[in-house]
Amino acid sequence: MKVSHAAVCEPGTTLVNKTGGWRTFRPGYDYEICTDCGICETYCPESVIAKKGDRYIPDLDYCKGCGICANECPKGAITMILEGK
Amino acid sequence: MTEKTIEIRIHGRGGQGSVTAAELLAVAAFEDGLYSQAFPMFGVERRGAPVFAFTRLRCEPIKLRSQIYEPDYVIVQDATLADVVDVAAGTQPKSLIIINSEKESAQFEIDAQCRIETVDATRIALDVIGKPIVNTILLGAFAGLTGIIDLECIKNAVSARFPGKIGETNAKAVQVAYDLVGGAT
């Protein structure tokens, strides 16, 4: 009988395993209201919000849709939008 | 209900309540006069990872203890799982796959010979319960689509498992899903 051992096959597998598909809601930014304060970036538990150019943009490949950014945004610039699955 | 054993596989993501759904289905079936089993199969036990749970129903005592390999019914709690795992694995032409999705069943590219039905359980959950928890709702849809288990038995099982307001709203959502799929036809 062949016994196989559990092991991490290779590093960096999260790059392949995109976890964004799990979410029910995605954050939608209204950049007219957004003041670039960066609170969303600070609070995001997945660290998927980053400033690209002059805007904060969530990486939807990994955003789990928790809505913390929308809850913490002082300007209410983020609304959670239902994902069509 | 025939002499045949009825086997159900529930696909979900860790934290979605697949195991609870399997147990509720077993409890409801038992109340409806059947013998029943429910058991989970975990892969990686973490939130979001694909998990399976199984329910086995029969008119007579069940001696079989194996995992379910050829399900008569498959319930898929998250439509994106259809891209990740083979939800049609082991299904036969007579099987039925129920998917939580707002899309039409024809839009799913699933390699299966059997019937596929979709129910927008997330929408019902948000409307009735206020949270995207769909397990009980899919049981209502299951009762409506298959007619195997009495709707009242499912509602009773849900109310008993979640006492108070949560049970009430879930039972209501079960009814909505049952009505949406057209009841037992």
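This is a predicted model, so every value here is computed, not measured.

(A) The arrangement of the overall build of chain A in detail. Regarding its fold elements, chain A presents 2 helices and 4 strands. Across chain A, helices and strands are ordered from the amino to the carboxyl terminus as β-α-β-β-α-β. Here chain A, with 85 residues, has 20% of them falling under the buried criterion. Sequence separation of at least 24 residues holds for 69% of the intrachain contacts in chain A that already meet a minimum separation of 6.

(B) Structural context of the overall build of chain B. Looking only at helices and strands, chain B features 6 helices and 6 strands. Its C-alpha atoms give chain B a radius of gyration of 15 Å, near enough to 16 Å, the size a compact globule of 185 residues would have. In terms of its C-alpha atoms, chain B occupies a principal-axis envelope of roughly 40 × 40 × 35 Å. Across the 185 residues of chain B, 48% fall into the buried class. Summarising the internal contacts of chain B: among those between residues at least 6 apart in sequence, 55% fall at separations of at least 24.

(C) Quick peek at the pairing of strand β5 (residues 96–100) of chain B. Residue and element names in this part refer to chain B. Where burial is concerned, most of β5 is hidden: 4 out of the 5 residues are buried. For β5 and strand β6 (residues 115–119), the ladder comprises 5 bridges, and the chain directions are parallel. Residue pairing across strands places Ile99 opposite Thr118, the latter belonging to β6.

(D) Fine view of the environment of Gly65 of chain A. Residues and elements named next belong to chain A. The topology assignment puts Gly65 in the loop between β3 (55–58) and α2 (68–72). Along the backbone, Gly65 and Pro27 are 38 residues apart, and their C-alpha atoms lie at a distance of 6.8 Å. Contacts of Gly65, omitting those with residues within four sequence positions, involve Arg23, Thr24, Phe25 and Arg26.

(E) Fine view of the sheet that holds strand β3 (residues 50–58) of chain B. Residue and element names in this part refer to chain B. If you walk across this open sheet you meet the 6 strands as β2-β3-β1-β4-β5-β6, and the pairing is mixed. Of all the strands in the sheet, the pair left with one neighbour each is β2 (35–41) and β6. Geometrically, the sheet is characterised by an average inter-axis angle of 15° between neighbouring strands, direction not taken into account. Each of β4 (73–76), β5 and β6 touches helix α4 (residues 135–146); the most contacted strand, β5, lies at about 145° to it.

(F) Highlighting the interface of chain B and chain A. The partner chain A presents 6 residues to the 8 residues of chain B that form the contact. Of the residues assigned to the side of chain B that touches chain A, the class counts are 2 nonpolar, 4 polar and 2 charged.

(G) Representation of the nonpolar core in the model. Ranked by internal contacts, the top residues of the largest apolar core, which has 55 residues, are Leu25, Val76, Ile98, Ile137, Leu138 and Ala141 of chain B. Of the residues forming this core, the biggest block, 9 residues, is contributed by helix α1 (residues 18–31) of chain B. Setting aside its immediate chain neighbours within four residues, Leu138 of chain B contacts Ala21, Ile75, Gln77, Ile98, Asn100, Val119 and Ala121 of chain B. Judged by nonpolar contacts, the second largest core, of 10 residues, contains Cys40, Cys44, Tyr56 and Cys63 of chain A.

(H) Layout of helix α5 (residues 151–161) of chain B. Residue and element names in this part refer to chain B. Here α5 has its buried residues at Leu151, Ile154, Lys155, Ala157 and Val158. The arc that holds the buried residues of α5, viewed along the axis, is 160°, so those residues lie on one side. Close packing links the buried residues of α5 with α1, α4 and α6 (165–180).

(I) Geometry of the confidence of the model for chain B. Per-residue confidence for chain B averages 92 on the pLDDT scale, and 96% of its residues sit at or above 70. Scoring of the predicted complex yields 0.87 for pTM and 0.74 for ipTM.

(J) Spatial organisation of the pairing of β3 of chain B. Residues and elements named next belong to chain B. In terms of burial, β3 is largely enclosed, as 8 of its 9 residues are buried. As paired elements, strand β1 (residues 6–13) and β3 share 8 bridges and run antiparallel to each other. Counted as the bridge partner of Gly12 is Val51 from β3. Bridge count between β2 and β3: 7 bridges; the pairing is antiparallel. If you follow Gln37 over to β3, its bridge partner there is Arg56.

(K) Geometry of unusual backbone geometry. All names here are of chain A. Phi at Asp36 is positive, roughly 65°, even though this residue is not glycine. As for its placement among the helices and strands, Asp36 is situated in the loop between β1 (25–29) and α1 (39–43). Phi at Ser47 is positive, roughly 55°, even though this residue is not glycine. Here Ser47 shows up in the loop between α1 and β2 (49–52). Ser47 gets classed as exposed once you count the C-beta atoms within 10 Å, which come to 10.

Cut-offs applied
Residues numbered from 1 in each chain as written. Chains lettered and ligands numbered in written order. Predicted model: local features only at pLDDT ≥ 70, side-chain atom pairs only at ≥ 80, totals over all residues. Helix = DSSP H or I, 4+ residues; strand = E, 2+ residues; numbered from the N terminus. Buried ≥ 20, exposed ≤ 12 C-beta atoms within 10 Å, placed from the backbone. Contact = placed C-beta atoms within 7 Å. Rg over C-alpha atoms; globule rule 2.2 N^0.38 Å. Pairing = 2+ DSSP bridges. Axes fitted to C-alpha atoms, helices over the stretch in contact; angles between N-to-C directions. Nonpolar A, V, L, I, M, F, W, Y, C, P; charged D, E, K, R; others polar. Core = buried A, V, L, I, M, F, W, Y, C linked by C-beta atoms within 7 Å. Arc of directions from axis to C-beta. pLDDT = per-residue confidence, 0-100.

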